[in-house]
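# A structural walkthrough
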Amino acid sequence: MNIFGFILTILPIALSPGASFTLGMTNAMNRGIKGLFSIIIGTSLGIYTHALLVGLGITGIVIKYPFIINTIQTIGTVYLIYLSYTLIKNGIYSEKKVTEKETKTATIKDAYIANIMNIKAIILYLTVAPNFLTSSCINVSSFITLASIHIIIMTIWLLAFGYIIIFAARKINFSSVSRFINIIGGVCLLYFSLSPYFL
């Protein structure tokens, strides 16, 4: 198993903004670091699910049927559009929120679904991850090991950036930063969800 090579390959993927990053930063603004943990848990479960399905060979079977892949991509896109709408709405109406409970934050389920329906994540574990395994160790435990490395990198990145966002909000008007993060996060999430159809 080429762990070092996998780390070098996964770093830019894990550090690039995507659905988990966007949901994580908006949750960090709305609920602090505690809100970030639900995104980390949901995304981790999604990554482990991809690793498990690829390790068992199920994803390899499913990928042969374009209708199933297109359906997964469509459902994932619709779900991300719904989440982006929620974030933008939270940002626009943030001044009118009376209590924290009125602001919708992404849940473990939201992060899990956003990850599991992500075609890029499916392709990553189906085509990229096996390149770092020798033919004798292509099994479920090897894919789980690679997924664990991916999760560690993603967790460190989200926590570090989450603390930066929370620190910045304390130095600047919290309401303004919260509004900005929610609206920009929603717009970015909308872009991420629609970009496969236009790029």
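With an unreviewed UniProt entry as reference, the protein chain is termed Lysine transporter LysE, source organism Xenorhabdus thuongxuanensis. Checking UniProt for the protein chain, the heading Subcellular location (unreviewed entry) contains the comment "Cell membrane".

### Re the overall build of the protein chain
When helices and strands are tallied, the protein chain shows nine helices and zero strands. The linear arrangement of helices and strands in the protein chain, starting from the amino end, is α-α-α-α-α-α-α-α-α. Counting only residues that meet the buried cut, the protein chain has 45% of its 199 residues in that class. Pairs at least 24 apart in sequence give 85% of the contacts found in the protein chain among residues at least 6 apart.

### Here we look at the UniProt feature "transmembrane region" (unreviewed entry) in the protein chain
Within this structure's numbering, the places UniProt gives as "transmembrane region" (unreviewed entry) are residues 6–24, 36–61, 67–88, 109–128, 140–168 and 180–198. The distance from the first to the last C-alpha atom of residues 67–88 is 31 Å, and the span holds 100% helix and 0% strand. Between the end C-alpha atoms of residues 140–168 there is a gap of 41 Å, over a span that is 100% helix and 0% strand.

### Overview of the packing of aromatic side chains
Evaluation of the coordinates by the stated rule reveals three aromatic pairs. Note on Phe21 and Trp157: the rings are 6.0 Å apart at their centroids and 20° apart in plane angle, and the pair reads as stacked. Pair noted here: Phe21 is in helix H2 (residues 19–31) and Trp157 is in helix H8 (residues 140–171), with a separation of 136 residues, a long-range link. One aromatic cluster is present, formed by Phe21, Trp157 and Phe161 through successive ring pairs.

### Digging into helix H1 (residues 3–15)
Between the first and last C-alpha of H1 there are 17 Å, a value that for 13 residues agrees with the 18 Å anticipated at 1.5 Å per step. Taking the largest bend as the criterion, H1 deviates by roughly 30°, centred on Thr9, and proline Pro12 comes between one and four positions later. Among the residues of H1, those classed as buried are Gly5, Phe6, Ile10 and Ala14. Elements that come into contact with the buried residues of H1 comprise helix H7 (119–128) and H8.

### So, a nonpolar patch on the surface
A surface patch of nonpolar side chains, amounting to about 370 Å² of accessible area, comprises Phe4, Leu8, Leu11 and Leu15. Owing to a relative accessible area of 31%, Leu11 belongs among the partly exposed residues under this scheme.

### Some remarks on the nonpolar core
Counting 29 residues, the largest nonpolar core has Phe6, Tyr125 and Leu158 as the members making the most contacts within it. Those elements that provide at least two residues to this core are H1, H2, helix H3 (33–55), H7 and H8. When residues of this core are assigned to their parent elements, the largest contribution, 11 residues, is made by H8. Beyond its immediate chain neighbours, meaning those up to four positions away, Leu158 contacts Ser20, Phe21, Met25, Leu36 and Ile40. Of all hydrophobic cores here, the second largest spans 10 residues; its members include Ala19, Leu80, Ala106 and Ala114.

### Remarks on the packing of H3 against H7
Interaxial distance between H3 and H7 falls to 9 Å at its minimum, and their mutual angle equals 45°. Classed by the angle they form, the pair H3 and H7 counts as oblique. You can see that H3 and H7 cross each other, and the crossing is right-handed. Residues Ile47, His50, Ala51 and Val54 of H3 form the contact with H7, whose participating residues are Ala121, Ile122, Tyr125 and Leu126.

Parameters at a glance
Residues numbered from 1 in each chain as written. Predicted model: local features only at pLDDT ≥ 70, side-chain atom pairs only at ≥ 80, totals over all residues. Heavy atoms only, no water. UniProt positions renumbered as here; feature names shortened; annotations may be inferred. Helix = DSSP H or I, 4+ residues; strand = E, 2+ residues; numbered from the N terminus. Buried < 20%, exposed > 50% of the residue type's maximum accessible area, 1.4 Å probe, protein only. Contact = heavy atoms within 4.5 Å. Phe/Tyr/Trp six-rings, centres within 6.5 Å; stacked < 30°, edge-to-face > 60°. Expected span 1.5 Å × (residues − 1). Bend = angle between axes of the 7 residues up to and from the residue. Patch = residues over 30% accessible without salt bridge, like charges linked within 9 Å, V, L, I, M, F, W, Y side chains within 5 Å. Areas by Shrake-Rupley, 256 points an atom, 1.4 Å probe, with all protein chains shown as cover. Salt bridge = Lys/Arg side-chain N within 4 Å of Asp/Glu carboxyl O. Core = buried A, V, L, I, M, F, W, Y, C linked by side-chain atoms within 4.5 Å. Axes fitted to C-alpha atoms, helices over the stretch in contact; angles between N-to-C directions. Parallel < 35°, antiparallel > 145°, perpendicular 65-115°, else oblique. Left-handed = near helix turned anticlockwise from the far one by under 90°.

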